[in-house]
Amino acid sequence: MKKNIAHSSLFILVSVTAYLFLFFIYWDIKLRDLNYAWEDISKKHYKNIERIIVSNNKKIFKRLYIKWKSFEFLPSISKKLKENNMPIDLQYIPIVESSLNTSAISNRNSVWLWQLTPQIAQQYWVKISDEIDERYDKDISTSVALEHLNYLYNLYGSWITATIAYNIWEAEINSLTSNTPNSDFLNVDLQEKSWNYILKALAYK
């Protein structure tokens, strides 16, 4: 028990020192050649990403929490992504959605890391009742989230669009792409909150 406490204290001390060092060294970050899920990111977004990174660096304890929880969850998520031939960058979605907080609940009653809504969960036969909510099951929740992302990718032909559609209602995506040939979402004047979601994921990457 004492060893575990000592290890935890050492981890926190080293992490705080490292983040303080990185904050002062990388307070003015310059990005280049960015991509998300195998798709290139326009340089017009770089400044916003840089600002998000600097802002994240200031939130030391939140960053420590995410780093700590990433050891628990990201290896299994990245393994499932590889098994399904999906981009590894999709592992940042639950960080943006919930900061890897297993108790996170949204105003739409979305829960757990992937913030699955009851509507989406029930589409994939996930059990939700007074006695059980399978959205809290790590394997079930991750499998459903990846299956839904694959569905969105097949629908729109872009992992960026699929990621944004995961965050906002599909109807909103359809309204944005309805007048665009081949649903080329990247050429649409996107809602600010939509692109901000991708930029947050890129900042964590």
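The notes below deal with the structure included here. (Residues numbered from 1 in each chain as written. Predicted model: local features only at pLDDT ≥ 70, side-chain atom pairs only at ≥ 80, totals over all residues. Heavy atoms only, no water.)

**Description of the overall build of the protein chain**
Consideration 1: Secondary structure summary: the protein chain contains 9 helices and 2 strands in total.
Consideration 2: Going from the N terminus to the C terminus, the protein chain shows its helices and strands as α-β-β-α-α-α-α-α-α-α-α.
Consideration 3: Expressed as a percentage of its 205 residues, the buried residues of the protein chain come to 46%.
Consideration 4: Across the protein chain, the fraction of contacts at a sequence separation of at least 24, relative to all contacts at a separation of at least 6, is 57%.
Consideration 5: About 12,100 Å² of surface is accessible on the protein chain, with carbon and sulfur atoms providing 54% of the total. (Helix = DSSP H or I, 4+ residues; strand = E, 2+ residues; numbered from the N terminus. Buried < 20%, exposed > 50% of the residue type's maximum accessible area, 1.4 Å probe, protein only. Contact = heavy atoms within 4.5 Å. Areas by Shrake-Rupley, 256 points an atom, 1.4 Å probe, with all protein chains shown as cover.)

**Things to note about a nonpolar patch on the surface**
Consideration 1: A surface patch of nonpolar side chains, about 290 Å² in accessible area, is lined by Leu 10, Leu 13 and Val 14.
Consideration 2: Counting through the fold element by element, Leu 13 comes out in helix 1 (residues 2-25). (Patch = residues over 30% accessible without salt bridge, like charges linked within 9 Å, V, L, I, M, F, W, Y side chains within 5 Å. Salt bridge = Lys/Arg side-chain N within 4 Å of Asp/Glu carboxyl O.)

**Looking at the nonpolar core**
Consideration 1: One finds Tyr 36, Ile 41, Leu 90, Ile 93, Trp 114, Leu 149 and Tyr 166 to be the most contacted residues of the largest nonpolar core, which totals 50 residues.
Consideration 2: Counting residues per element, the ones that place at least two in this core are helix 2 (46-58), helix 3 (60-83), helix 4 (93-98), helix 5 (118-123), helix 6 (138-156), helix 7 (159-167) and helix 9 (192-204).
Consideration 3: A total of 8 residues in this core trace back to one element, the largest contributor, which is helix 9.
Consideration 4: Apart from the residues lying within four places of it in its own chain, the contact partners of Tyr 166 are Ile 93, Glu 97, Trp 114, Leu 116, Ala 145, His 148, Leu 149, Leu 152 and Tyr 197. (Core = buried A, V, L, I, M, F, W, Y, C linked by side-chain atoms within 4.5 Å.)

**As for the layout of surface pockets**
Consideration 1: In this structure, the largest pocket encloses a volume near 600 Å³.
Consideration 2: As for the largest pocket, its lining consists of 32 residues, of which Glu 97, Arg 108, Tyr 166, Asn 167 and Tyr 197 are closest to the centre.
Consideration 3: Counting only elements with at least two residues in the lining of the largest pocket, the list comes to helix 2, helix 4, helix 5, helix 6, helix 7 and helix 9.
Consideration 4: Sorting elements by how many residues they give to the lining of the largest pocket places helix 9 first, with 4 residues.
Consideration 5: Classifying every residue of the lining of the largest pocket by side-chain character gives 13 nonpolar, 13 polar and 6 charged. (1 Å grid on protein atoms, 1.4 Å probe; cavity = no way out; pocket = protein on both sides within 12 Å on 5 of 7 lines; lining within 4 Å. Points joined across faces, edges and corners; volume = space filled by probe spheres on them. Nonpolar A, V, L, I, M, F, W, Y, C, P; charged D, E, K, R; others polar.)

**Focus: the packing of aromatic side chains**
Consideration 1: Under the defined criterion, the tally for this structure stands at 3 aromatic pairs.
Consideration 2: Taking the centre distance of 5.6 Å and the plane angle of 85° together, the rings of Phe 73 and Trp 112 count as edge-to-face. Of this pair, Phe 73 sits in helix 3 while Trp 112 sits in the loop between helix 4 and helix 5, placing them 39 residues apart in sequence. This pair shows no difference in class: Phe 73 is buried, exactly as Trp 112 is.
Consideration 3: On the basis of an interplanar angle of 10° and a centroid distance of 4.1 Å, the ring pair of Tyr 153 and Trp 159 is categorised as stacked.
Consideration 4: Of the residues examined, Tyr 153 reaches a relative accessible area of 29% and is grouped as partly exposed. (Phe/Tyr/Trp six-rings, centres within 6.5 Å; stacked < 30°, edge-to-face > 60°.)

**Quick word on the pattern of salt bridges**
Consideration 1: Using the criterion set out here, one finds 4 salt bridges in the structure.
Consideration 2: A salt bridge links Lys 69 to Glu 72; the nearest nitrogen and oxygen atoms lie 3.1 Å apart. With Lys 69 and Glu 72 both in helix 3 and 3 residues apart, the pair spans about one turn of that helix.
Consideration 3: Judged by relative accessible area, which is 44%, Glu 72 ranks as partly exposed.
Consideration 4: In this structure, the salt-bridge partner of Lys 205 is Asp 89, at a minimum N-O distance of 2.9 Å.

**Observations concerning helix 3**
Consideration 1: Here helix 3 is 24 residues long and its end C-alpha atoms lie 33 Å apart, about the 34 Å a rise of 1.5 Å per residue gives.
Consideration 2: A bend of about 50° at Ser 70 is the largest found in helix 3.
Consideration 3: Residues of helix 3 that are buried: Ile 60, Arg 63, Leu 64, Ile 66, Lys 69, Ser 70, Phe 73, Leu 74, Ile 77, Ser 78 and Leu 81. (Expected span 1.5 Å × (residues − 1). Bend = angle between axes of the 7 residues up to and from the residue.)

**Considerations on helix 2**
Owing to its 3.6 residues per turn, the α-helix brings residues three or four apart onto one side.
Consideration 1: Given a rise of 1.5 Å per residue, 13 residues ought to cover 18 Å, and the 19 Å separating the end C-alpha atoms of helix 2 matches this to within 8%.
Consideration 2: By the burial criterion, the buried members of helix 2 are Tyr 46, Ile 49, Glu 50, Ile 52, Ile 53, Val 54, Asn 56 and Asn 57.

**Section: unusual backbone geometry**
Consideration 1: Of note, Ala 37 is a non-glycine position whose phi angle comes to about 50°, a positive value.
Consideration 2: Of note, Ala 37 is situated in the loop between strand 1 (35-36) and strand 2 (39-40).
Consideration 3: Here Gln 115, not a glycine, exhibits a phi torsion of approximately 50°, which is positive.
Consideration 4: Its place among the elements puts Gln 115 in the loop between helix 4 and helix 5.
Consideration 5: Its relative accessible area of 9% is what places Gln 115 among the buried residues.

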